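One-letter residues, chain by chain:
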Amino acid sequence: MGPKAVFTRPSFGWIRAIRNSLGMTASQLGTRIGVSRQGVLNIEDSEARGAIMLKTLQRVAASLDCTLYYAIVPNTSLEQAVQVRARAVATEQIDRADQTMRLEDQALPPEDRQVQIADLADELIRRDTRSLWRRTA
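K.L.:
How would you explain unusual backbone geometry if you had to name every residue and give the values?
P.N.:
Of note in the backbone geometry, D65 takes a positive phi value of approximately 55 degrees without being a glycine. For D65, the location among the structural elements is in the loop between α4 (54-63) and α5 (78-103). Under the relative-accessibility criterion, D65 is labelled exposed at 73%.

Here is the structure:
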């Protein structure tokens, strides 16, 4: 299973799906984790709503002889995310300067504007990527 693996959570949650597949009742799972049948149903409901605590999910997974994988997987490479953000910040800065230059009838030609955006984005990345996230671009 690679980082791009996609799992669609059942609408009623993984806990109930696995418990049912094992042929285990809510009472039986409750005995394994030290809660009542209603406690298991509450846990399953909280998972289905996306409100379960990670610690609880780990405990239940272990009791079902499962391994819990917890991950945040970027939709693009982190390098690409930084480049996209740098370009957005650079575009915002160039747009502000370009607006002032237009008032003075000194607007940049579109091709020069794109070169300046690319150059500024590269400079922002070289300087300090942390500064990219302080702005709202």
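Alright, that's what it looks like, and here's the rest.
K.L.:
Go over the environment of R87 with me, naming the residues and quoting the values.
P.N.:
Tracing the sequence through the fold places R87 in helix α5. When the C-alpha atoms of R87 and D119 are compared, they prove to be 9.3 Å apart, with 32 residues separating the residues in sequence. The contact partners of R87, leaving out residues within four places of it in the chain, are Q114, I117, A118 and A121. Side-chain polar atoms of R87 contact the side chain of Q114, separated by 2.6 Å.

K.L.:
Outline the packing of helix α2 (residues 26-33) against helix α3 (residues 37-48), listing residues and values.
P.N.:
How two helices sit against one another is set out by the angle between their axes and by the gap between those axes. Across the interface, α2 lies against α3 with an axial gap of 7 Å and an inter-helix angle of 95 degrees. One element, α2, and the other, α3, form an angle in the roughly perpendicular class. Residues A26, S27, L29, G30 and I33 of α2 pack against R37, V40, L41 and I43 of α3. Looking at the contact of α2 with α3 residue by residue, the class counts come to 6 nonpolar, 2 polar and 1 charged.

K.L.:
Residue-level account of α2, with values.
P.N.:
Looking only at α2, the buried set comprises A26, L29, G30 and I33. Along the long axis of α2, the arc covered by the buried residues comes to 105 degrees, so they all point the same way. With respect to the buried face of α2, the exposed residues turned more than 90 degrees away are T31 and R32. Lining the buried residues of α2 we find α1 (14-22), α3 and α4. Just downstream of α2, G34 is the residue with a positive phi angle, here 80 degrees.

K.L.:
Can you break down the pattern of salt bridges residue by residue, with the values?
P.N.:
Tallied over the full model, the rule gives 7 salt bridges. Salt-bridge contacts for E44 lead to R16; the nearest nitrogen and oxygen are separated by 3.0 Å. Of this pair, E44 sits in helix α3 while R16 sits in helix α1, placing them 28 residues apart in sequence. The exposure class assigned to R16 is partly exposed, which follows from its relative accessible area of 26%. D45 is the partner of R49 in a salt bridge, and the nearest nitrogen-oxygen pair spans 2.9 Å. We classify D45 as partly exposed; its relative accessible area is 39%. If you follow the salt bridges from partner to partner, you end up with R16, R19 and E44 in one network.

The rules behind the values
- Residues numbered from 1 in each chain as written.
- Predicted model: local features only at pLDDT ≥ 70, side-chain atom pairs only at ≥ 80, totals over all residues.
- Heavy atoms only, no water.
- Helix = DSSP H or I, 4+ residues; strand = E, 2+ residues; numbered from the N terminus.
- Buried < 20%, exposed > 50% of the residue type's maximum accessible area, 1.4 Å probe, protein only.
- Contact = heavy atoms within 4.5 Å.
- Polar contact = N/O pair within 3.5 Å; in protein donor to acceptor, adjacent residues only side chain to side chain.
- Axes fitted to C-alpha atoms, helices over the stretch in contact; angles between N-to-C directions.
- Parallel < 35°, antiparallel > 145°, perpendicular 65-115°, else oblique.
- Nonpolar A, V, L, I, M, F, W, Y, C, P; charged D, E, K, R; others polar.
- Arc of directions from axis to C-beta.
- Salt bridge = Lys/Arg side-chain N within 4 Å of Asp/Glu carboxyl O.

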